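Residue-level listing of the chains:
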Amino acid sequence: MPTVLILGAASDMAVAIARQFAAEKYDIQLAARNVSALQAQQQDLEIRYSIQATTHAFDALDFDSHAAFYNSLQPKPDITVCVFGYLGDQQQGQSNWQEAERIIHTNYTGAVSVLNIVADDYAARRQGAIIGISSVAGERGRQSNYLYGSAKAGFTAYLSGLRNRLFHQGVHVMSVQPGFVYTRMTEGLTLPPLLTAQPADVAAAMVKGLKGRKNVLYVKWFWRYIMLIIKSVPEFIFKKLKL
């Protein structure tokens, strides 16, 4: 049975993704900092979908542990999904380097660190798929979240380069741009209902996109055109906006 590794498995989006892959009869490797928080999810997946689910300790910010973490996985996953992220506090991050550093390292550095290891394994095996959850926030910097957006912009570029590199080894890389999603991370934000997806929407679109070998997936199709409009606004106008 093929196996999916989910990095950052405790989030709402990750739970939905695990269930979607389990429904497709994939075994699931759940990886997160707090392994005990994954036990109920592990049991639910095994009982509900009759697949094998395992839990693994993984800290996105402990870069030196990433090689040992991946080498410990048995079997090695056929698909790796990088879900973890941290929205953070833009206002705090502007004057507090610890907050800015956490935003940058969680959304970019940690992802690059672990996916470099996964990519080398898949390239050697000449098979596999990597899925990275990025963000439309990375497509143009806005004053309300440019620390998060800049990290996601870097991650989007990284996934694009990884896709170019690994295509020649038969490995597929898909970038997912969910847009707004109702999760614990966005609690307290006022989100427009028509533009906002549920975690289950992201999961279903992801699995469908992977089957169709999508390169870049916008969970709600109109986000592609919204971002085209936003990116086309001239800078001398855009800088005057309150976004």
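The structure presented is a predicted model; accordingly, all values stated were derived computationally and were not measured.

## Focus: the environment of tyrosine 225
Within the element layout of this structure, tyrosine 225 appears in helix H8 (residues 222-232). Spatially, the C-alpha atom of tyrosine 225 lies 27 Å from that of aspartate 89, the residues being 136 residues apart in sequence.

## Brief notes about the sheet that holds strand S5 (residues 129-133)
Across the sheet, which stays open at both edges, the seven strands sit in the order S3-S2-S1-S4-S5-S6-S9 with parallel pairing between neighbours. Looking along the sheet, the strands with just one partner apiece sit at the ends: strand S3 (53-57) and strand S9 (216-218). Taken over all neighbouring pairs, the strand axes of this sheet differ in orientation by 20° on average, direction set aside. Pairing geometry for strand S2 (residues 27-32) and S3, over five bridges, is parallel. Bridging across to S3, glutamine 29 finds its partner in threonine 54.

## Focus: the side chain of histidine 66
Note that histidine 66 resides in helix H3 (residues 66-71). The class of histidine 66 is buried, set by a relative accessible area of 0%. At 2.9 Å, the side chain of histidine 66 forms a polar contact with the backbone oxygen of aspartate 59. Among all residues touching histidine 66, those that are not within four sequence positions of it are Phe58, Asp59, Ala60, Gly110, Ser113, Val114 and Ile117.

## Focus: the nonpolar core
Among the nonpolar cores identified, the biggest contains 37 residues, and Phe21 and Ile28 are the most heavily contacted of them. Of all elements in the fold, only strand S1 (3-7), helix H1 (12-23), S2, helix H2 (39-49), strand S4 (79-82), S5, strand S6 (172-177) and helix H7 (199-211) reach the threshold of two or more residues within this core. When residues of this core are assigned to their parent elements, the largest contribution, seven residues, is made by H1. Among all residues touching phenylalanine 21, those that are not within four sequence positions of it are Val4, Tyr26, Ile28, Ile79, Val81, Ile131, Met206, Val207 and Leu210. Membership of the second largest hydrophobic core comes to 26 residues, among which are Leu5, Leu7, Phe58 and Phe155.

## Overview of the packing of H1 against H2
Interhelical geometry of H1 versus H2 gives an angle of 25° and a closest axis separation of 10 Å. The pairing of H1 with H2 is recorded here as roughly parallel in orientation. Considering how the two elements wind past one another, H1 and H2 form a crossing that is right-handed. Along the contact surface, H1 presents Ala14, Val15, Ala18, Arg19, Ala22 and Ala23, while H2 presents Gln41, Asp44, Leu45, Arg48 and Tyr49. Broken down by class, the residue content of the contact of H1 with H2 amounts to seven nonpolar, one polar and three charged.

## A look at H1
If you check H1, its first and last C-alpha atoms are 17 Å apart, about what 12 residues at 1.5 Å a residue would give, namely 16 Å. Here H1 has its buried residues at Met13, Ala14, Val15, Ala16, Ile17, Ala18, Phe21 and Ala22. Lysine 25, located one to two residues past H1, shows a positive phi value of around 70°.

## Examining the pattern of salt bridges
Applying the stated criterion across every chain yields a total of eight salt bridges. Among the salt bridges present, the one from aspartate 120 reaches arginine 165, with a minimum N-O distance of 2.8 Å. With aspartate 120 in helix H5 (residues 97-125) and arginine 165 in helix H6 (residues 146-166), this pair connects stretches of sequence that are 45 residues apart. One salt bridge connects arginine 140 with glutamate 235, and the closest N-O pair in it is separated by 2.6 Å.

## Examining the packing of H1 against H7
Two elements in contact, H1 and H7, have axes whose closest approach is 8 Å; the angle formed by their N-to-C orientations is 45°. Put simply, H1 runs oblique to H7. Between H1 and H7 lies a crossing whose hand is right-handed. Of the residues in H7, those touching H1 at Asp12, Met13, Ala16, Ile17, Gln20 and Phe21 are Pro199, Ala200, Val202, Ala203, Ala204, Met206, Val207 and Leu210. Taken together, the residues of the contact of H1 with H7 sort by class into 12 nonpolar, one polar and one charged.

Conventions used here
Residues numbered from 1 in each chain as written. Predicted model: local features only at pLDDT ≥ 70, side-chain atom pairs only at ≥ 80, totals over all residues. Heavy atoms only, no water. Helix = DSSP H or I, 4+ residues; strand = E, 2+ residues; numbered from the N terminus. Pairing = 2+ DSSP bridges. Axes fitted to C-alpha atoms, helices over the stretch in contact; angles between N-to-C directions. Buried < 20%, exposed > 50% of the residue type's maximum accessible area, 1.4 Å probe, protein only. Polar contact = N/O pair within 3.5 Å; in protein donor to acceptor, adjacent residues only side chain to side chain. Contact = heavy atoms within 4.5 Å. Core = buried A, V, L, I, M, F, W, Y, C linked by side-chain atoms within 4.5 Å. Parallel < 35°, antiparallel > 145°, perpendicular 65-115°, else oblique. Left-handed = near helix turned anticlockwise from the far one by under 90°. Nonpolar A, V, L, I, M, F, W, Y, C, P; charged D, E, K, R; others polar. Expected span 1.5 Å × (residues − 1). Salt bridge = Lys/Arg side-chain N within 4 Å of Asp/Glu carboxyl O.

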